[in-house]
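As a plain string of letters, each chain reads:
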Amino acid sequence: MKIEAARAADLSAILALRQRLLQEGSWFVAEPEEETTQLGPWQRLLERGILRVARQGPLLVGVVMVRPGSLRRQRHVGALEIFVETSWRGKGVGRALMEDIVGVAPAQGIQKLSLAVYADNVRAIALYKFFDFKEEGRRQGEYRMADGAYRDDLLMARWLSPPPAPLPATPPPVDR
Ligand SMILES: CC(C)(COP(=O)(O)OP(=O)(O)OC[C@H]1O[C@@H](n2cnc3c(N)ncnc32)[C@H](O)[C@@H]1OP(=O)(O)O)[C@@H](O)C(=O)NCCC(=O)NCCS
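Predicted, not measured: the structure shown is a model, and the values here were computed from it. (Residues numbered from 1 in each chain as written. Predicted model: local features only at pLDDT ≥ 70, side-chain atom pairs only at ≥ 80, totals over all residues.)

**Examining the site of the ligand**
At step 1: Near the ligand there are 20 residues, and of these Val84, Arg89, Gly94, Arg95 and Ala126 occur at the shortest range.
At step 2: For the shell around the ligand, the secondary-structure elements that each account for two or more residues are β4 (77-84), α3 (93-104) and α4 (122-130).
At step 3: Considering each element in turn, the shell around the ligand owes the most residues, 6 residues, to α4.
At step 4: Partitioned by chemical class, the residues of the shell around the ligand number 12 nonpolar, 4 polar and 4 charged. (Near = placed C-beta within 6 Å. Helix = DSSP H or I, 4+ residues; strand = E, 2+ residues; numbered from the N terminus. Nonpolar A, V, L, I, M, F, W, Y, C, P; charged D, E, K, R; others polar.)

Following this line, the structure appears as C-alpha cells:
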C-alpha cells in the first residue's frame, strides 16, 4: 500500500468513495443528498488543505484530509476527516493514513489536529486514541437521526507540537 498526496485526477474517485460511504448512513453527519457532488470543494482542499490517499495498486482505498481553519486565529488547527473503502477496513489502511498525516501536517503549519466523531463509532475512536488523540468534549444528542434516535458527538484533538501553556485561571484585569 502507498500513501501519497492526492492529484487532481483522483478527485472523481474520492468523491465517488465519499458518496458510497455517505450511503452507508452511519459515519458522517450529512445525508447523501446534503453533500455536494461538485468537485469544487475537493479542488479547493487540494489547493489549500491537505488531501492524502491510500492506493493499493490502481485502486484508491482510503482518504485522509485536513482543512486548516479559515480564520487567521485558527489557521494552526486542522480539521481531520478519514475514510476507508468498506471492503478494505480493518486491514491497516486507516492506521497508515493516520501515521502519514501526523507526519506531513506540521510542514503545512498545522500544530493541532481536531475532529468530531459519533460517540458510538468505536472503530474510529480506537484508531484516534491509538494516535494519541484526547477527548476535548462531548456534545450530547447533537445529532437526531431519521428514526428519531439521538447520537452524541465526541470532540477529539491531538497537538503535533507542544501545546501552549494553560491560561491563568483568573483573567488579568481589563484596562478601563
Ligand atoms: C475508521 C476507519 C477510518 C479506520 O480505518 P481502518 O482501515 O478500518 O482501520 P485499521 O485497519 O487501520 O485499524 C486501526 C485500528 O482501528 C481499530 N479497529 C479496526 N477495526 C476495528 C473494529 N472492527 N472494531 C473496533 N476497532 C477496530 C483498532 O484499534 C485497530 O488497530 P488494530 O488493528 O491494532 O487492532 C475506517 O474503518 C472507516 O473508514 N470507517 C468508516 C468511516 C468513518 O467512520 N470515518 C471516521 C469518521 S469520524
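Moving on from the coordinates now.
**Considerations on the sheet that holds strand β3 (residues 59-68)**
At step 1: Pairing within the open sheet is mixed, and its 7 strands lie in the order β1-β2-β3-β4-β5-β7-β6. If you trace the sheet from one side to the other, it starts and ends with β1 (2-5) and β6 (134-144), each paired once. If you compare each strand with its neighbour and ignore which way they point, the axes differ by 25° on average.
At step 2: Examined bridge by bridge, strand β5 (residues 112-118) and strand β7 (residues 150-159) share 7 bridges and lie antiparallel to one another. The residue of β7 that forms the bridge with Leu115 is Met156.
At step 3: In this fold α3 packs onto β1, β2 (50-56), β3 and β4, with an angle of close to 35° to the strand it touches most, β3.
At step 4: The strands touched by α4 are β5 and β7; relative to β5, the strand with the most contacts, the crossing angle is about 160°. (Pairing = 2+ DSSP bridges. Axes fitted to C-alpha atoms, helices over the stretch in contact; angles between N-to-C directions. Contact = placed C-beta atoms within 7 Å.)

**Regarding unusual backbone geometry**
At step 1: The backbone of Asp132 shows a phi angle near 70°, a positive value even though the residue is not glycine.
At step 2: The residue Asp132 is located in the loop between α4 and β6 in this model.
At step 3: Classification of Asp132 by C-beta neighbours within 10 Å gives exposed; the count is 9. (Buried ≥ 20, exposed ≤ 12 C-beta atoms within 10 Å, placed from the backbone.)

**Considerations on helix α1 (residues 11-24)**
Working note: α-helix, 3.6 residues per turn, so residues spaced by three or four point in the same direction.
At step 1: Along its 14 residues, α1 runs 20 Å from first to last C-alpha, staying within 8% of the 20 Å computed at 1.5 Å per residue.
At step 2: Three or more residues of α1 are buried, namely Ile14, Leu17 and Arg18. Buried positions in α1, seen along its axis, are confined to an arc of 100° and lie on one side of it. With respect to the buried face of α1, the exposed residues turned more than 90 degrees away are Ser12, Ala16, Gln19 and Gln23.
At step 3: Along its buried surface, α1 packs onto α2 (40-48), β3 and β4.
At step 4: Once α1 ends, the next one or two residues include Gly25, with phi positive near 80°. (Expected span 1.5 Å × (residues − 1). Arc of directions from axis to C-beta.)

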